[in-house]
Every structure is written in structure tokens, then in C-alpha cells.
Amino acid sequence: MTDFTLSDAEIAKFREQGFIGPFKLYEPEEAKERYKQIRAQLFDRTHAVYDLDPASAIANYDRHLDIDLLSEHVMRSEIVDRLKPALGPDIVCWRSEMFPKYPGDEGTDWHQADTFAHASGEPQIVWPGGSDFGGAVTAWTALTDATEENGCLRFIPGTQEEMFYDEMKGMKYSTENVNTKEKDGIKRGFFGYDYRSLQKDPNWRPDESQAVSITMKAGEFVIFWSTLMHSSLPNITKDKTRLGFTSRYVPASVQVYPNTDTITEYGSTISLDRYGVVLVSGEDRFGHNRMVDQNARGFRFAA
Amino acid sequence: MSDNAAIAETVRAMCLERLGVDDLKDDEEFFDRGANSLTVVELQIQLEKKLELKVPTSTLMASPSIEGWIGVYSQAAEQAKTAAE
């Protein structure tokens, strides 16, 4: 079995800049075929673990728990092997999301996520007590090409070790915030929130002169610390949707959604009754989190 | 006009009107021309009211083109007709 572990040089680069990649996962033809199948299956909510209106902003949270192609994707060794230098041998996938950006959609605000409390107001991941570490490592896979025109990711390298936002400060959700605000000359927002309201210093501005665009071909993925300053550009095309799929990972020692049975964010509430983390590597010696060993259709997660 | 021809005409006209892509070809996939998934679901709802037919959204989304939808709705009409006989 091929081992996709990062080389020493790649590990050093990941540590320095907070991201590494893109790497190819699927050949273009396979990527296109998977994209078509996944896109169709997203509309079938018969086995989705959250009972949500398809129009909800979080309707496609954790579809790796009911769509086989995504269940298989989050386990791919091309991704998981590359997480090990950062997260160690015992790793769980705790969240996945779809990020479509349609023609005319705004860009995404600059942001960093440590505990992921920013929208719900409650820490969603908590590292072991006394740890200086936080955040998750995200694998962002391009299901379509991602260009500067249709809204590719932007990173500010090396910003992953200092949080410029206080995720407990609280943000106000309103659909009126969507696609309506220009910030420093660019139409952008945060899915109904304004991420600037979490800034520790309201007068601070991210140094966009240091930002890099992560253009990707369909089928490629990039991995990055969620604490890395990141954003995306608006989609200024007339007919080119950008679709990204993120899978988020933490060590098995991290507590996920501690002391809560529901999450309220982005205008929706979900029950965690059918939720579980997925062990994608190693073993769980902690027992902090409910673990699922198969998806809602019976697909077995085998680490 | 046959039932199938009427279905084809209705599907084509409503797709062009609702998706806002004037030059959408019959075999072009809606999503390849930047269609928003919610707009496509709205289109389905409107079409099904007009055609008085119902098919699962995931079946339609597996063939998201004018040609594909004409096929799906024509088949649904055939099945409805057979069931009524």
C-alpha cells in the first residue's frame, strides 16, 4: 500500500506556512464523474443525519455520514497520511462541509477557526487540557476547478499560530448580510455573518499584500490549519460554479461538541443524535467522542 | 401534439425561462452553466405543478439537462398513464 506521508521538506514547509499542497487525488475525468454523482446524491436526504430544509446554509454538513462517495473520500490515504505529521497517528474526521460558490456569489471573509465557536457561540472542538494547540486540519478538495475568477481560496502564509479573532465574542446572523457588503473593495461576507465583528482589535486589518491564491484543478486538495488566516474570492464569472468539499480532522484526544446535544448556527439548529466522529487512522484510546463505524447507508469506515 | 411533445415543450420553455441561460442547449447540464441548486429545485417545483407529475429530486439531478428532464418526465407520464388504465 502506498504511503503518502509528507517528506521532511514538506513537513517543514507545512509548519512554516500553515498549509501544504495542492496534491492530486483524482484524475480530471474521475473528478468530473465523482462530482456529478455527488452533486446528484446531495439532493437525496433520505439518510442524511440532520433533519434540515435543503435551503439551510448547513444542509450539507457531514454528508460523509450518508453519501458513500464522501465516506470513502474522507478516509483516503492520500489525505490521511499527510495529516499524520501534524496530528499524530490517531485521527478522527469530525466535520465535513460543501462550499459552493455560484456565479455572482460574494467572497468569504478573512477568518481563522480555533474552537469553531465563532457561529454557534459554543466551542465545538476542545484540545486536551493545558495544550497550547488548537484548531483542526482541513482538507479542502476541489470538486470543480477553482480559479481567481470563480472564487478560489486565499491564504496568508505563516499566520496559523496567532489568533486575531475571539471566537466567543459573538456574531449576529442575518440573511441580509449575504451578497450585500463590500469590504476593502471586495464583495465578501461570512454566510450571513460578518467575521470582522470577532476581531480582537476592531481597527486591525489582515495584511492582504501577503496573501496567496490557491488555484486548483478539479480533483486536487490542499491541507491547512483552520487557524491559518484564510478567505476566498468572489465568483465573478457568469456561468462557472466553484464547489469545494472540506473534511476536517483532529487527533482522537480532542473532545468534539463537548456537553451539547444540539448546534445552532447559520440560521439552523441540528440535533447530534445521529452524529459521530469517524476514526480515519490509528485507534481511539480516549473514548471522548461517540464514534461511528459505518455511515447511515451501512458503508463501513475501516481505518 | 402528443403528450411527449407537450412535455418536451413545457420542460424546455420553463428551463430556459427560470435558469436565465438563454443559450442553454438541450444536452448541456444545468450545473455546468452555473445553475444554483436551489434555483433548480424551484424549477422542479414549478414544472411539476404545470405537468401534474412528481418525480424524486435525486432522479432529476442525476440527469440535469433539458434532454434528461424531458426523458424523466416522459417516463413518469407513461407510468402514470399505465397505472390509471
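Residues numbered from 1 in each chain as written. Chains lettered and ligands numbered in written order. Predicted model: local features only at pLDDT ≥ 70, side-chain atom pairs only at ≥ 80, totals over all residues.

**Quick look at the overall build of chain B**
Right, on to step 1. Tallying secondary structure elements over chain B gives four helices and zero strands in all.
Right, on to step 2. Counting from the amino terminus, helix and strand elements in chain B follow one another as α-α-α-α.
Right, on to step 3. Against the globule reference of 12 Å for 85 residues, chain B gives a C-alpha radius of gyration of 12 Å, in line with a compact fold.
Right, on to step 4. In terms of overall dimensions, chain B has C-alpha extents of about 40 × 25 × 20 Å along its principal axes.
Right, on to step 5. Restricting to contacts in chain B with at least 6 residues of sequence separation, those with at least 24 account for 61%. (Helix = DSSP H or I, 4+ residues; strand = E, 2+ residues; numbered from the N terminus. Rg over C-alpha atoms; globule rule 2.2 N^0.38 Å. Contact = placed C-beta atoms within 7 Å.)

**A closer look at the nonpolar core**
Right, on to step 1. Formed by 68 residues in total, the largest nonpolar core has its most connected members in Leu83, Val92, Ile223, Tyr249 and Val280 of chain A.
Right, on to step 2. Among residues more than four places away in sequence, those in contact with Tyr249 of chain A are Leu83, Leu87, Ile91, Val92, Cys93, Ala136, Val137 and Val280 of chain A.
Right, on to step 3. Membership of the second largest hydrophobic core comes to 19 residues, among which are Leu42 of chain A together with Val40, Leu43 and Ile66 of chain B. (Core = buried A, V, L, I, M, F, W, Y, C linked by C-beta atoms within 7 Å. Buried ≥ 20, exposed ≤ 12 C-beta atoms within 10 Å, placed from the backbone.)

**A few points about the packing of helix 1 (residues 3-19) of chain B against helix 4 (residues 66-84) of chain B**
All names here are of chain B.
Right, on to step 1. Where helix 1 contacts helix 4, the two axes come as close as 9 Å, and the packing angle between them is 140°. Between helix 1 and helix 4, the angle is such that the two are oblique. You can see that helix 1 and helix 4 cross each other, and the crossing is right-handed. Every residue of helix 4 that contacts helix 1 at Asp3, Asn4, Ile7, Ala8, Val11, Arg12 and Cys15 is listed here: Ile66, Trp69, Ile70, Tyr73, Ser74 and Ala77.
Right, on to step 2. Among the residues making up the contact of helix 1 with helix 4, the classes are represented as nine nonpolar, two polar and two charged. (Axes fitted to C-alpha atoms, helices over the stretch in contact; angles between N-to-C directions. Parallel < 35°, antiparallel > 145°, perpendicular 65-115°, else oblique. Left-handed = near helix turned anticlockwise from the far one by under 90°. Nonpolar A, V, L, I, M, F, W, Y, C, P; charged D, E, K, R; others polar.)

**Focus on the sheet that holds strand 8 (residues 186-189) of chain A**
Either a parallel or an antiparallel arrangement is found when strands of a sheet pair, and the pairing is made through backbone hydrogen bonds.
Residue and element names in this part refer to chain A.
Right, on to step 1. The six strands are arranged 7-8-3-11-6-9 in an open sheet whose pairing can be described as mixed. Looking at which strands have only one partner, the edges of the open sheet turn out to be strand 7 (182-183) and strand 9 (212-214).
Right, on to step 2. Sheet analysis places strand 3 (residues 107-111) next to strand 8, joined by two bridges and oriented parallel. In the strand pairing of strand 8, Gly107 is matched with Arg188. (Pairing = 2+ DSSP bridges.)

**Section: the interface of chain A and chain B**
Right, on to step 1. Across the boundary between the two partners, chain A contributes 14 residues, which contact eleven residues of chain B.
Right, on to step 2. Here the residues of the side of chain A that touches chain B sort into six nonpolar, three polar and five charged.

**What about the sheet that holds strand 2 (residues 91-101) of chain A?**
Residues and elements named next belong to chain A.
Right, on to step 1. Taking strand neighbours across the sheet as the criterion, the six strands line up as 1-10-5-12-2-16 in an open arrangement whose pairing is antiparallel. The sheet terminates laterally at strand 1 (19-24) and strand 16 (278-281), the two strands that pair on one side only. Within the sheet, the average angular offset between the axes of one strand and its neighbour, ignoring direction, is 30°.
Right, on to step 2. Judged from the four bridges that link them, strand 1 and strand 10 (residues 220-225) form a sheet pairing that is antiparallel. What sits directly across from Lys24, in strand 10, is Glu220.

**Re the pairing of strand 12 (residues 242-251) of chain A**
Residues and elements named next belong to chain A.
Right, on to step 1. Of all ten residues in strand 12, nine are buried, a share of seventy percent or more.
Right, on to step 2. Looking at chain direction, strand 2 and strand 12 are connected through ten bridges and run antiparallel. Considered in strand 12, the bridge of Val92 is made with Val250.

**Observations concerning the environment of Leu228 of chain A**
All names here are of chain A.
Right, on to step 1. Here Leu228 is to be found in the loop between strand 10 and strand 11 (229-232).
Right, on to step 2. Sequence separation of Leu228 and Asp114 is 114 residues, and the distance between their C-alpha atoms is 9.3 Å.
Right, on to step 3. Each residue touching Leu228, except ones within four places of it in the same chain, is listed here: Gly18, Phe19, Gln112, Phe155, Thr159 and Gln160.

**As for the confidence of the model for chain B**
Residues and elements named next belong to chain B.
Right, on to step 1. Averaged over chain B, the pLDDT score is 91; the fraction of residues at 70 or greater is 98%.
Right, on to step 2. Looking over chain B, one finds the lowest element-wise mean pLDDT in helix 3 (residues 57-61), namely 91, and the highest in helix 2 (residues 37-51), namely 94.
Right, on to step 3. For this predicted complex, the interface confidence comes out at an ipTM of 0.86, alongside a pTM of 0.94. (pLDDT = per-residue confidence, 0-100.)

**What about the packing of helix 1 of chain B against helix 2 of chain B?**
Residue and element names in this part refer to chain B.
Right, on to step 1. At a minimum axis separation of 10 Å, helix 1 and helix 2 run at an interaxial angle of 145°. In terms of crossing hand, the pair formed by helix 1 and helix 2 is right-handed. Note on element contacts: helix 2 touches helix 1 through Thr39, Glu42, Leu43, Gln46, Leu47, Lys50 and Leu51, opposite Ile7, Thr10, Val11, Met14, Cys15, Arg18 and Leu19.
Right, on to step 2. Classifying every residue of the contact of helix 1 with helix 2 gives eight nonpolar, three polar and three charged.

**Points about unusual backbone geometry**
Residues and elements named next belong to chain A.
Right, on to step 1. Omega for the bond connecting Gly21 with Pro22 falls within 30 degrees of zero, at 5°, which places this linkage in the cis form.
Right, on to step 2. A positive phi is found at Asn179, a non-glycine position, where the angle reads about 65°.
Right, on to step 3. Counting through the fold element by element, Asn179 comes out in the loop between strand 6 (153-156) and strand 7.
Right, on to step 4. Exposure remark for Asn179: the 13 C-beta atoms within 10 Å place this residue in the partly exposed category.
Right, on to step 5. Positive phi, normally seen in glycine, also occurs at Asp184, with a value near 50°.

**Notes on helix 1 of chain B**
Residues and elements named next belong to chain B.
Right, on to step 1. End to end, helix 1 covers 24 Å across 17 residues, agreeing with the expected 24 Å (1.5 Å per residue, within 8%).
Right, on to step 2. Where helix 1 is concerned, the buried positions are Ile7, Ala8, Val11 and Cys15. Taken down its axis, helix 1 places every buried residue within 100° of arc, on the same side. Exposed and facing more than 90 degrees away from the buried side of helix 1 are Ala5, Glu9 and Glu17. (Expected span 1.5 Å × (residues − 1). Arc of directions from axis to C-beta.)

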